Amino acid sequence: MNTHHLQELESFLGPFEGVIPTLERRHSETKSQGMRDFYEMYMSESDCTTCNGARLSKNSLSVKVGEKNINELTDMSIDKIKNYLNSLTLSKKDAMIADQILKELDKRLQFLMDVGLEYLTLSRNAGSLSGGEAQRIRLATQIGSGLTGVLYILDEPSIGLHQRDNDKLIATLKKLRDLGNTVLVVEHDEDTMYAADQIIDIGPGAGIHGGKVMAQRNCRRN
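### Here's the deal with the overall build of the protein
Regarding its fold elements, the protein presents 10 helices and six strands. Against the 2.2 N^0.38 benchmark of 17 Å for 222 residues, the protein shows a C-alpha radius of gyration of 27 Å, more extended than a compact globule. Its C-alpha atoms give the protein principal-axis dimensions of about 95 × 65 × 30 Å. Expressed as a percentage of its 222 residues, the buried residues of the protein come to 26%. Nonlocal contacts in the protein, meaning residues at least 24 apart in sequence, comprise 48% of its contacts between residues at least 6 apart. When the accessible surface of the protein is summed, it comes to about 16300 Å², and 54% of that surface belongs to carbon and sulfur atoms. Of note, the protein has its 27 positive side-chain charges centred 7 Å away from the centre of its 31 negative side-chain charges.

Next comes the structure, spelled out in structure tokens:
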């Protein structure tokens, strides 16, 4: 190295942020999905060794309903939670305290079952839900809110549903309608179309080739 280059070198003292804090900071600050993917190559998820993934303190987990704490309950499927809560044996005093709480829980769990989601666990990561599942969860929430005069627009909510659960979904949509709401469903399912008050066919093709009302028919039967 020649003398000219040596004269250009400088040194300074300062705090070093650290490799891990640098990666975390840059990951949180970047808006580029490509860069987020790059930083996430160096990240992995693992359960806390203290709570084993429950994300609650030891004191919180020591509180139990019957024989189960809140983490054990949320790891159960919705239908099993409903059955468990309905089978609780409580003292007269505890039953009086829990009466309204249990009624509200039972009602909300039933809403989720009515849209065919009884197999889900409450602890499931929201990011792992399909579009149809997330849509039906929002639907169940809206039924519980009891709002009226609202326009609901649903995009193929029957996708992936067993026929039995599809019937439950249709009954739920009718319940929303009967509360005094307007429910607009984009759907290709035959049973859902038969259950509609009115069918509108948009065409003649898809995408840029559509946009015109091709047919319209009132078909309310009940």
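### Observations regarding the packing of helix α2 (residues 19–29) against helix α3 (residues 33–40)
Running from N to C, α2 and α3 point in directions that differ by 155°, and their axes come no closer than 9 Å. Of the possible angle classes, the one that applies to α2 and α3 is roughly antiparallel. By crossing handedness, the relation of α2 to α3 is classed as left-handed. Across the interface between the two elements, Leu-23, Arg-26 and His-27 from α2 touch Arg-36, Tyr-39 and Glu-40 from α3. Looking at side-chain class alone, the contact of α2 with α3 contains two nonpolar, one polar and three charged residues.

### Considering unusual backbone geometry
Here the amide bond leading from Gly-203 into Pro-204 is cis, since omega sits at 5°, within 30 degrees of zero. Relative to the helices and strands, Pro-204 resides in the loop between β5 (198–203) and β6 (212–218). Positive phi, normally seen in glycine, also occurs at Asn-52, with a value near 55°. For Asn-52, the position within the fold is in the loop between α3 and α4 (58–61).

Basis of the calculations
Residues numbered from 1 in each chain as written. Predicted model: local features only at pLDDT ≥ 70, side-chain atom pairs only at ≥ 80, totals over all residues. Heavy atoms only, no water. Helix = DSSP H or I, 4+ residues; strand = E, 2+ residues; numbered from the N terminus. Rg over C-alpha atoms; globule rule 2.2 N^0.38 Å. Buried < 20%, exposed > 50% of the residue type's maximum accessible area, 1.4 Å probe, protein only. Contact = heavy atoms within 4.5 Å. Areas by Shrake-Rupley, 256 points an atom, 1.4 Å probe, with all protein chains shown as cover. Lys, Arg positive; Asp, Glu negative; His and termini not counted. Charge placed at Lys NZ, Arg CZ, Asp CG, Glu CD. Axes fitted to C-alpha atoms, helices over the stretch in contact; angles between N-to-C directions. Parallel < 35°, antiparallel > 145°, perpendicular 65-115°, else oblique. Left-handed = near helix turned anticlockwise from the far one by under 90°. Nonpolar A, V, L, I, M, F, W, Y, C, P; charged D, E, K, R; others polar.

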